[in-house]
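Understanding the architecture of this molecule
Chain by chain, the residues:
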Amino acid sequence: MDYILNGFVEAFRLIFSFDPEIIQIVLLSLFVSFSSTLYGTLIGVPLGILLGINNFRGKKVVSRFLYTFMSFPPVIIGLFTALFLARSGPFGQLQLMYTPTAMIIAQTILVTPVIMGIVFNNASTSGYEVVQTGKTLGAQRWNILILLVLELKGVIMIALVTGFGRAISEVGAVMIVGGNIRGFTRVMTTFIAMNNNMGQYSVSIAMGLILMTISFITNSVLYHFIIGDHNEYRD
Amino acid sequence: MNIETRNIVKTYQEKTVLNLTGDYRELLFESEKIHGIIGPNGSGKTTLMKIMAGLITPTAGDVLYNGQPLCQDIFSEMTYSTHTPTLFSRSVYENIAYPLKIRKREQNDIHQTVSQLLEEFEITDIKNQSARRLSGGESQKTALARALSFSPRVLFLDEPTANIDPKSIQIIEAALKKRNREEGLTIIIITHNLSQAFRICTHLTFLDQGSCLFSDTPEKIMAATHPTIDEFISFNRF
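Residues numbered from 1 in each chain as written. Chains lettered and ligands numbered in written order. Predicted model: local features only at pLDDT ≥ 70, side-chain atom pairs only at ≥ 80, totals over all residues. Heavy atoms only, no water.

Under an unreviewed UniProt entry, the name given to chain B is ATP-binding cassette domain-containing protein, and the source organism is Acetobacterium malicum. The UniProt entry for chain B carries the following text under Sequence similarities (unreviewed entry): "Belongs to the ABC transporter superfamily." (UniProt positions renumbered as here; feature names shortened; annotations may be inferred.)

Looking at an unreviewed UniProt entry, one finds chain A named ABC transporter permease subunit, with Acetobacterium malicum as its source organism. Reading the Sequence similarities (unreviewed entry) entry of the UniProt record for chain A gives the comment "Belongs to the binding-protein-dependent transport system permease family."

This is the structure:
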């Protein structure tokens, strides 16, 4: 039991020592997760809206594939990304393996279906009504798109938070394509996993606390907009 | 705007929900009149209205607007509102102003029009309230004010007074009659309330199981001898 308590004490000491290596790991984690969430949003939101509001043959099949991809294990995504980026793979000449770019690619593949699935689900239900109403009021294509984004902004924010949560907390994909290289591709989750294996629990706890704090702050900031928005509509 | 339907058929997944190919294969909804579409549930009223409003396409047949097929110019002069309106997640004022804003009307013009509508529908006190937390009557009045804000030439209403209080019904009916009388607005309304149909409509079309059984003045429908119409009228009396 003592080692857990000592771990927490050591963790706080480590946090407040502002260790340059810890700061670098935190910043890289944030950079990779925010970048992949951004790309995931840019791809997933328009596609989710487009697929959601349009009725087409095979929509049910598309939704099943989409929901399957939402729960795809990160380690599998990491494996496939590595196969494509490896020196002998189709994109080997780009030399992206074991770089932050490779980590961003893997995480983008991971979070895009999550963001797209949430937006798709809501656009299929409420989005269709919004489009029809907009049309009957004389809205043109461009007006309808803006209207739809504004009406679905709460959902888009939830999708964004969920996507970011999945990105910052995953370890399998970034471990495979990033390689956990010190000072280059080491992020918070791979750092925790590595130190846990080495029995350095205090360092793992410290990084775990930082990870949870960052997740809490990020989610709080994003939820502030969502919950504020939704409260407005609550009786 | 005269709206004419010719041999309209609508089929969903091999089931025919509307088949206007019998005695009433051609229906005329005359300009500047208030037309009622009545009939039991599942008779095809909403389908017919959505086809006329250009929201769904018929499997067969045509709809003509002053003798012309539907185009963007005609579509932008019509509007449609249901008993479960989709109000946007913004204030009542902003909802009503929306059609004017997308038409790039001047700010003063928007303010004046919206203020008049708020007053007419007696919803000025809730103008800053979010449209997502309104009662049924308030939602209907907001939706109708929004639909009327850009002065359309044709207004399609699917049970606009279902499940709302008598005062709100009175306000809505008065607004519709005023727009029809003063601006020549053509109104096509679906209602289950026969007394309402008699109060405001100048013409009634009775649908049953996808077919039209009657289309004439409200007075003549009372004299009709069809058993389905008789049953519908007798149920409405109680």
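**Overview of the pattern of salt bridges**
In the structure shown here, the tally under the stated rule is twelve salt bridges over all chains. Its salt-bridge partner being Glu151(A), residue Arg132(B) comes within 2.8 Å of it at the nearest N-O pair. Of this pair, Arg132(B) sits in the loop between helix H4 (107–120) and helix H5 (136–148) while Glu151(A) sits in helix H6 (residues 141–151), which puts the two residues in different chains. We classify Arg132(B) as partly exposed; its relative accessible area is 39%. For Glu151(A), a relative accessible area of 12% puts it in the buried group. One salt bridge connects Glu77(B) with Arg153(B), and the closest N-O pair in it is separated by 2.9 Å. With Glu77(B) in the loop between helix H2 (72–75) and strand E6 (78–82) and Arg153(B) in the loop between H5 and strand E7 (154–158), this pair connects stretches of sequence that are 76 residues apart. Arg153(B) sits in the partly exposed class, given a relative accessible area of 37%. Through salt bridges with shared partners, a single ionic network connects Glu21(A), Arg182(A) and Arg186(A). (Salt bridge = Lys/Arg side-chain N within 4 Å of Asp/Glu carboxyl O. Helix = DSSP H or I, 4+ residues; strand = E, 2+ residues; numbered from the N terminus. Buried < 20%, exposed > 50% of the residue type's maximum accessible area, 1.4 Å probe, protein only.)

**Overview of the environment of Asn7(B)**
Residue and element names in this part refer to chain B. For Asn7, the location among the structural elements is in strand E1 (residues 3–12). A relative accessible area of 33% means that Asn7 is categorised as partly exposed. The sequence separation of Asn7 and Asp62 amounts to 55 residues, and the corresponding C-alpha distance is 6.8 Å. Apart from the residues lying within four places of it in its own chain, the contact partners of Asn7 are Leu20, Thr21, Arg25, Ala60 and Gly61. (Contact = heavy atoms within 4.5 Å.)

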